[in-house]
Amino acid sequence: MPKRYDSSLQADTTVSQAQNAVNKLHYAVSQAMSHPTAQTIVQAERRLAHTEQAMRQAELSLGGQGVELAEEMFIEEKRRLNSIQSQHGQGNL
């Protein structure tokens, strides 16, 4: 029984880490949208790369289960960042 409990905790932690990464991405993209400078856009791009890594880790650990909401949020933030990049000549990721 303890093994199942540990597994559940690991799954919760992995999902939480992915969701936290997406929340931080949202904040970075929002900053870039409200203050579109080269610096804020680069910061959002770096946060995007970190979030992609967190999402991949969650998907590998959980086989895609439990990360659907974080994935949807991630896709939306990536779309928002791409729109800022295209408006400011930064290119798309």
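Above this text you will find the structure in question.
To keep things clear, this report deals only with the structure shown in the data block. (Residues numbered from 1 in each chain as written. Predicted model: local features only at pLDDT ≥ 70, side-chain atom pairs only at ≥ 80, totals over all residues. Heavy atoms only, no water.)

## Observations concerning the overall build of the chain
In step 1: Across its full length, the chain holds three helices and zero strands.
In step 2: Within the chain, contacts between residues at least 6 apart in sequence are counted, and of these 66% link residues at least 24 apart.
In step 3: About 6,100 Å² of surface is accessible on the chain, with carbon and sulfur atoms providing 51% of the total. (Helix = DSSP H or I, 4+ residues; strand = E, 2+ residues; numbered from the N terminus. Contact = heavy atoms within 4.5 Å. Areas by Shrake-Rupley, 256 points an atom, 1.4 Å probe, with all protein chains shown as cover.)

## Things to note about the environment of serine 30
In step 1: Within the element layout of this structure, serine 30 appears in helix H1 (residues 2-34).
In step 2: Serine 30 gets classed as partly exposed once you look at its relative accessible area, which sits at 23%.
In step 3: Put simply, serine 30 and isoleucine 41 are 11 residues apart on the chain and 9.9 Å apart in space, counted from C-alpha to C-alpha. (Buried < 20%, exposed > 50% of the residue type's maximum accessible area, 1.4 Å probe, protein only.)

## A short note on the side chain of threonine 40
In step 1: Position of threonine 40 relative to the elements: it lies in helix H2 (residues 38-62).
In step 2: Side-chain polar atoms of threonine 40 contact the backbone nitrogen of threonine 37, separated by 3.1 Å. (Polar contact = N/O pair within 3.5 Å; in protein donor to acceptor, adjacent residues only side chain to side chain.)

## What about helix H3 (residues 68-87)?
In step 1: Counted at 1.5 Å a residue, the expected span for H3 with its 20 residues is 28 Å, and the 29 Å between its end C-alpha atoms agrees.
In step 2: In the segment just after H3, glycine 89 is the residue with positive phi, at about 65°. (Expected span 1.5 Å × (residues − 1).)

## Description of the pattern of salt bridges
In step 1: Here the structure, examined in full by the defined rule, presents three salt bridges.
In step 2: Where glutamate 52 meets lysine 78, a salt bridge forms, and the shortest distance between an N and an O atom there is 3.4 Å. Separated by 26 residues along the polypeptide, glutamate 52 in helix H2 and lysine 78 in helix H3 bring together distant segments of the chain.
In step 3: Judged by its relative accessible area of 23%, glutamate 52 is partly exposed.
In step 4: Residue glutamate 77 is joined to arginine 80 by a salt bridge in which the shortest nitrogen-to-oxygen separation is 2.6 Å. Taken together, the residues span about one helical turn, with glutamate 77 and arginine 80 both in helix H3 at a distance of three residues. Both residues of the pair, glutamate 77 and arginine 80, belong to the buried class. (Salt bridge = Lys/Arg side-chain N within 4 Å of Asp/Glu carboxyl O.)

Interpretation note: all reported values are geometric properties and have no functional meaning in isolation.
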